[in-house]
Structures are given as structure tokens and as C-alpha cells.
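# Observations on chain architecture
Residue strings, one per chain:
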Amino acid sequence: MAAKKLMKGTAARMGVMKRVSLVFKAKANRALDKMEDPRETLDYSYQRQLELLTKVRRGVADVATSRKRVELQMNQLQQQANKLEDQARKALGMGREDLARAALERKASAQSQLNDLQAQYAQLQAEEEKLTVASQRLQSKVDAFRTRKETIKATYTAAEAQTRINEAFSGISEEMGDVGMAIQRAEDKTAQMQARAGAIDELMASGALDDAVGGSRRDDIQSELDMMSASSDVERELSRLKGEITSEAPKQLEGGANGNSQAAQAPQGQGAPYAPPPPAQTQPASIPASDRPAEPQDGEG
Amino acid sequence: MIVRISGEGQFSIDDTATAELNRLDSELEAAVNRNDEAAFTSALHGLLDQVRAQGSPLPADTLEESDLILPPQDASMDEVRSMLTEEGLIPG
């Protein structure tokens, strides 16, 4: 209260430094719970210091968890960007500039998310380092306080102890206020970033970045590429078959022999389902062939 | 004189450096009053750099109280404003 009055009264000629200092100290002092026997206050304060140490260490762990989450998302986005570039290259190879453009547009979107995440990652890393250093500094001060506390308890009566205790307190309570603020700021930043990380997860799930992991409209570029490549396979197959037909036209008349050879192949295909690997090209032909045996058999029988 | 940069630690500074710190502090205050974030950031960084340049860090295990407490390096103007009130950032 005194500090507040002082602050208001002198604010006009007091700079930012002094006002911040006064408010800070007023709060730090109020945070001290004074006990009847000042030596009890020492023990009580020491407990609170240990609690704060635990809290700041947990803060470090929380920030690290957030950082790892961002790292995971960065990896996913990077994979996605690579994949989209690959698709663009394939699309260009097939003469589909429109499809390549669509893939590159999505890649640009993934890339911009990635840049954003990189900045977040750097911030979280800095926050983690700051809290780590803060926890080490607090640990040193808490150790110093414990030593001082034991000395005071061993050496002084309650009445004598007061001034010594005040000295020890002012230093540690200032540090505690500062560490408390560092934890608060780290928590705020982490919360902001978690919200943004959640938004990116949603974006990826929506398929806007063409996430390979999920989403109903996933990977329409890939499916179009697949379709094109499938249809070009069909074309190739078609021209191969046409070629066979023209060169084997005379033999075509011996349809019975042809039919027999297919019928002979069919049992193999049925007996050993793993046989078809070679017929990657023959497969379309061998499927009707396996259906066919009924016909020749009918014809023969 | 002992100066704490919040989130960073305490520095011991010769009293002769006070005049320069006060000058930088006036800049900082002017920036806050003008609501000029860019000027605020540059004034704050100038002030903190001056403390780091002129001061020597206190050992971590010291229990000395600071004469001055300065906002952290990455503080925004709004944050510093809230540090000027009782409802500010510092957990009570």
C-alpha cells in the first residue's frame, strides 16, 4: 500500500525503471507470509522455494513437450512439401502443367506453415533455455538461503534474528518473483503456440495441405496422377496387344490351340495364387483366362 | 548499485553509470507515453545493453536485493505497462 501511494505520488518524475522496481518489490514483499516466530518464517519460506523449484522444472518440461510437438508437425509438413514437389515433377513429365501448378500451390501453402512453425520452434527453444537457466539460478539461491537459514536458527534468538532474516528474504523473494514471472510468460507463450499447433493439425486434417494421413478429399492430385499413369499403362497394353494381333494374325485361326494353352495355364494360376507376379502386363489377360476355362471345357466336352 | 534484468539475472553497476541509465529510461518512458512500440523496443534494448555493458553479473548464489528491476528483453510495451500497476505480471 505504501509502495502504491509512493508510486502514484512520484510517478511524474520517476522513470519506467523505478516504477517497475517499486511495483515488483511491493508484490514480492507481500508474498512473504510472516510468522510469529521469524525463524518459523524461514522454514515456511524455504518450503515455498522448493515448491517453486519444482514448478519451474515442470515449466521446462512443458515447454519441451510443446517444442517436440512443433518439431513433429514440422517433419510432417516437410514430408508433405517434398511429396507435393514430387507430384508436380511427375505431372510436368506427363505434360500436365495445370496439375503441377496445383501441386506447387499446395506446396507453397505447406511451406508457409513450415516457416511459421520454424519461428515458433525457435521461440520455444529460447523459452526453454531461459527457464532452464532460471531454475539453475533459483537452485543456487535456494541453497544459499538454506545455509543462511540454518546459521540464523543456530545463532540468533527470535528477536535478534529479524534483521538477518529480512536480509535473506529480500534477495530470495525478488528471485522468486522473477522466476514466477518467467514461468508465467513461458506458459502464456506455450499456450498461444499450442493453439496455433492445433489449428495446423486441423488444417492438415482438412486436406487443405493435402495431408497423406487423413481427410476425405485426400490426395486428389495423386489419384489423378495414378489415373493418368494407369491409363497410359492401358494404352501401352493396348498397343502391345494390337501388335500381337497383327503379327500373329495367321495363327489367330488356330484359336483352339490358343484356347488350350490358356486353359493349361489357368490351373497353375489357381493352384498357386502367388504365380501371377510376372504377369503384371498379362494380368488383365489372365483374369479373363481364369474365367474362361469354363468355355473351352464346355467346347471340348 | 545492483540492477536486475528480469528473466536474466543481477548486475553490479558503478553509480557513475546512473546518468546514462536515466537518460535511456527517459527515452523508454517517452516511447510508452507516445504509444510507440518500435521506439519502445529500441529504448528498452538500449537500456538493457547498457546494463550488460557497464555491469558485472552477480554470482547466482547471492541473496542481495536489487536497487532497480528492469523488464525482460522480449517484453512488449503492453507487458511493461502492466508491470507498472499492481495488477501486473508479477505473481503476487
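Thresholds, definitions, all that
Residues numbered from 1 in each chain as written. Chains lettered and ligands numbered in written order. Predicted model: local features only at pLDDT ≥ 70, side-chain atom pairs only at ≥ 80, totals over all residues. Heavy atoms only, no water. Patch = residues over 30% accessible without salt bridge, like charges linked within 9 Å, V, L, I, M, F, W, Y side chains within 5 Å. Areas by Shrake-Rupley, 256 points an atom, 1.4 Å probe, with all protein chains shown as cover. Salt bridge = Lys/Arg side-chain N within 4 Å of Asp/Glu carboxyl O. Lys, Arg positive; Asp, Glu negative; His and termini not counted. Charge placed at Lys NZ, Arg CZ, Asp CG, Glu CD. Helix = DSSP H or I, 4+ residues; strand = E, 2+ residues; numbered from the N terminus. Expected span 1.5 Å × (residues − 1). Buried < 20%, exposed > 50% of the residue type's maximum accessible area, 1.4 Å probe, protein only. Polar contact = N/O pair within 3.5 Å; in protein donor to acceptor, adjacent residues only side chain to side chain. Pairing = 2+ DSSP bridges. Contact = heavy atoms within 4.5 Å. Buried area = accessible area lost by both parts, 1.4 Å probe. Nonpolar A, V, L, I, M, F, W, Y, C, P; charged D, E, K, R; others polar.

### Re a negative patch on the surface
- Taken together, Asp14, Asp15, Glu65 and Asp67 of chain B make up a surface patch of like negative charges.
- Positionally, aspartate 14 of chain B belongs in the loop between strand E2 (9–12) and helix H1 (18–34).

### Topic: helix H3 (residues 38–93) of chain A
- The end-to-end C-alpha distance of H3 of chain A is 82 Å, a good match for the 82 Å that 56 residues give at a rise of 1.5 Å each.
- Where H3 of chain A terminates, the next one or two residues include glycine 95 of chain A, which has phi positive at roughly 75°.

### Brief notes about unusual backbone geometry
- With a phi angle near 65°, asparagine 35 of chain B is a residue other than glycine that sits in the positive phi range.
- Following the sequence through the fold, asparagine 35 of chain B ends up in the loop between H1 and helix H2 (37–54).

### Observations regarding the side chain of glutamate 128 of chain A
Residues and elements named next belong to chain A.
- For glutamate 128, the position within the fold is in helix H4 (residues 97–155).
- The class for glutamate 128 is buried, based on a relative accessible area of 16%.
- Of note is the side chain of glutamate 128, whose polar atom sits 2.5 Å from the side chain of arginine 67.

### Some words on the pairing of E2 of chain B
Residue and element names in this part refer to chain B.
- The pairing of strand E1 (residues 2–5) with E2 spans four bridges and is antiparallel. By the bridge assignment for E2, isoleucine 2 is matched with serine 12.
- Turn length for the E1-E2 hairpin, with the two strands adjacent in sequence and antiparallel, is three residues, and the turn residue glycine 7 shows positive phi of about 80°.
- Examined bridge by bridge, E2 and strand E3 (residues 56–57) share two bridges and lie antiparallel to one another.

### Let's talk about the interface of chain A and chain B
- Taken residue by residue, the interface counts 39 residues in chain A and 41 residues in chain B.
- Across the chain A to chain B interface the summed buried area is about 3,600 Å²; carbon plus sulfur atoms make up 57%.
- Arginine 4 of chain B is the salt-bridge partner of glutamate 175 of chain A, the closest N and O atoms lying 2.7 Å from each other.
- Summed over the shared surface of chain A and chain B, the result is 20 residue pairs in polar contact (both at pLDDT 80 or more).
- Where the side of chain A that touches chain B is concerned, the elements lending two or more residues are helix H1 (2–10), helix H2 (16–30), H4 and helix H5 (158–206) of chain A.
- In terms of residue count, H5 of chain A provides more of the side of chain A that touches chain B than any other element does, 13 residues in total.
- Grouping the amino acids of the side of chain A that touches chain B by side-chain chemistry returns 15 nonpolar, seven polar and 17 charged.

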